[in-house]
Amino acid sequence: MRVVLCGYYGQGNAGDEALLVTLLQMLPKNVTPVVLSANCTETEQQYGVETCDRTSIPDLYSTVTSADAFIWGGGSLIQDVTSWRSPLYYFALMALAQRMGKITLAWGQGIGPLKTALTRQLARSLFRGCTAVSVRDRQSAQRLTDWNIPFTLAPDPVWALEPTPVEGLDNLPHPRIAVVLRPHPQLTPDRLQTLTQALIELQKQTQSYLLLLPFQPKTDLGIAQRLHAALPKVSQIWIGDRPEQYKSIFSQVQIAITMRLHGLIMAAAVGCPCFALSYDPKVTQLMEQLHLPGWELDRLPENAHEISQTWIDFYAHRQPLTPAQLEEIRSQTMQHQQILNLTLLNN
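Numbering of residues starts from 1 in each chain and follows the order in which that chain's sequence is written. With the structure being a predicted model, the display of local features is reserved for residues of pLDDT at least 70 and the display and counting of side-chain atom pairs for 80 or more, all residues being used for whole-chain, interface and lining totals. Note that water and hydrogens are dropped before the side-chain values are worked out from all heavy atoms of the structure.

(A) Representation of the overall build of the protein chain within the structure. Segments assigned H or I by DSSP are reported as helices when at least four residues long, segments assigned E as strands when at least two residues long, and all are numbered from the N terminus. Along its length, the protein chain carries 14 helices and 13 strands. Our radius of gyration looks at C-alpha atoms and nothing else; its globule reference is 2.2 Å times the residue count to the power 0.38. By the compact-globule yardstick of 20 Å for 347 residues, the protein chain fits well, its C-alpha radius of gyration being 20 Å. Taking the principal axes of the C-alpha coordinates as reference, the protein chain spans close to 60 × 40 × 40 Å. Counting every position in the protein chain, which comprises 347 residues, the buried fraction comes to 55%. Residue exposure (1.4 Å probe, protein chains only): buried if accessible area is under 20% of the type maximum, exposed if over 50%, otherwise partly exposed.

Here it is in structure tokens:
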């Protein structure tokens, strides 16, 4: 069986690459995946899979035509906040697959925000046409309930990602703090400066070594470089080759302060206490679900000392998720694998 995997792949984003790796780990053994990628050479080399250039219309048409099934891979593919073009791309491919009568699966989805009536209408129609649907959060589940579309609700698939050991960590100073920031309109220059000053105070009080993790280097590296310049002798920028390595990194730090959703998930999954900085409803939902400490960026305290004192207290009294909690989450996450097996093996 040939199955097309469609997502934000090959873009250098560790979170989306983690979704791809998890999907590849969960696929039935008799499936041959074909990954739509923005960097086919890199994707082929890293994961040993067939690929198709996600920007080539003739190649996309040929790939979907020759496949048995089509999967919207995990993540927030169907949203129109970052761009109205992005959901139309995914809509067009799913519509093509459905029109050709392929098995179609929306897998591990986080739906929305959907600001325009057109994207809501198209999303409703295409989700309804899917052979099966799984979503990762209650807000997406409620939207599908309102649309009378059957679905499976389970935690984000990356909870089940298997980590890969990272060499050289033992040589870094202790204790360690991981920091994951990304550009966003809510992270204004003033707020970034405030966070930088708070990190300086946190480092002084805890004598920690900061690991600065740009999850998507082409967008995040500039912020990591600015933080490193402010803390040159007590920080390091670390960029992994594979998403599984980031999960391993989080198992070797005392706390993680992160904006990115999959930074929170990877850290929490290996028992690392997490402090969230939310720029998006998906991050806020996870904070509420797991009772994680943190702030929404538009409510960030203006005083750097207040932030640093909150972090210092969190560092001193940090509490990771319990083994029982992690086992329950991981067990629930495997429903994404069950829906893959049921959909691809029974159709």
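There is more to say, and it comes next.
(B) Representation of the pattern of salt bridges within the structure. By definition, a salt bridge exists where a carboxyl oxygen of Asp or Glu is found within 4 Å of a side-chain nitrogen of Lys or Arg. Scanning the model with the defined rule gives 6 salt bridges in all. Salt-bridge contacts for Arg260 lead to Asp220; the nearest nitrogen and oxygen are separated by 2.9 Å. Highlighted residues: Arg260 in the loop between strand 11 (255-258) and helix 10 (261-269) and Asp220 in helix 8 (residues 217-230), separated in sequence by 40 residues. Of the two residues, Arg260 and Asp220, both sit in the buried class.

(C) Helix 4 (residues 85-99), seen in detail. Each residue after the first adds 1.5 Å to the expected span of a helix. Compared with the 21 Å implied by 1.5 Å per residue over 15 residues, the 21 Å span of helix 4 between its first and last C-alpha is a close match. Listed in full, the buried residues belonging to helix 4 are Pro87, Tyr90, Phe91, Leu93, Met94 and Ala97. Two residues qualify as a contact provided that any one of their heavy atoms is within 4.5 Å of a heavy atom in the partner residue. Of the surrounding elements, those touching the buried residues of helix 4 are strand 1 (2-6), strand 2 (32-37), helix 3 (57-66), strand 4 (69-72), strand 5 (103-109) and helix 5 (117-128). Count one or two residues on from helix 4 and you reach Gly101, which has phi positive near 80°.

(D) Region of interest: the packing of aromatic side chains. Aromatic rings from Phe, Tyr and Trp, with only the six-membered ring used for Trp, were paired whenever their centres fell within 6.5 Å, and each pair was classed as stacked if the ring planes differed by under 30 degrees, edge-to-face if by over 60, and tilted otherwise. Taken as a whole, this structure holds 9 aromatic pairs when the rule is applied. Seen in terms of ring centroids, Phe275 and Trp295 are 5.1 Å apart; in terms of plane orientation they differ by 65°. Their pairing is edge-to-face. With Phe275 in strand 12 (residues 274-278) and Trp295 in strand 13 (residues 294-296), this pair connects stretches of sequence that are 20 residues apart. Pair check on accessibility: Phe275 and Trp295 agree, each one buried. Following the ring pairs from residue to residue traces out a cluster consisting of Phe215, Trp238, Tyr246 and Phe250. In this arrangement the basic side chain of Arg182 is found over the ring face of Tyr279, its NZ or CZ atom lying 4.7 Å from the centre. A positively charged side chain is recorded as over a ring if its NZ (Lys) or CZ (Arg) lies within 6 Å of the ring centre. The angle to the ring normal must also be within 35 degrees. One residue, Arg318, lies across the ring of Tyr315, its end atom 4.6 Å from the ring centre.

(E) Spotlight on the nonpolar core. Only buried residues count toward a nonpolar core, which is a set of Ala, Val, Leu, Ile, Met, Phe, Trp, Tyr and Cys residues joined through side-chain atoms within 4.5 Å. Membership of the largest hydrophobic core comes to 92 residues, with the highest contact counts inside it found for Ile71, Trp159, Leu213, Leu277 and Trp311. In this structure Leu213 touches Ala178, Val179, Val180, Trp238, Tyr246, Ile249 and Phe250, once residues within four positions along its chain are discounted. Phe70, Trp72, Cys130 and Val135 belong to the second-largest nonpolar core, a separate cluster that totals 30 residues.

(F) How the structure looks around the sheet that holds strand 6 (residues 132-135). Pairing between strands is defined by DSSP: at least two bridges between the two strands are required. Read from one edge to the other, the open sheet built from 7 strands follows the order 3-2-1-4-5-6-7, with strand pairing classed as parallel. Each edge of the open sheet carries a strand with a single partner, namely strand 3 (50-53) and strand 7 (152-153). Here strand 2 pairs with strand 3 via 4 bridges, running parallel. The residue bridging Ser37 from the neighbouring strand is Asp53, located in strand 3.

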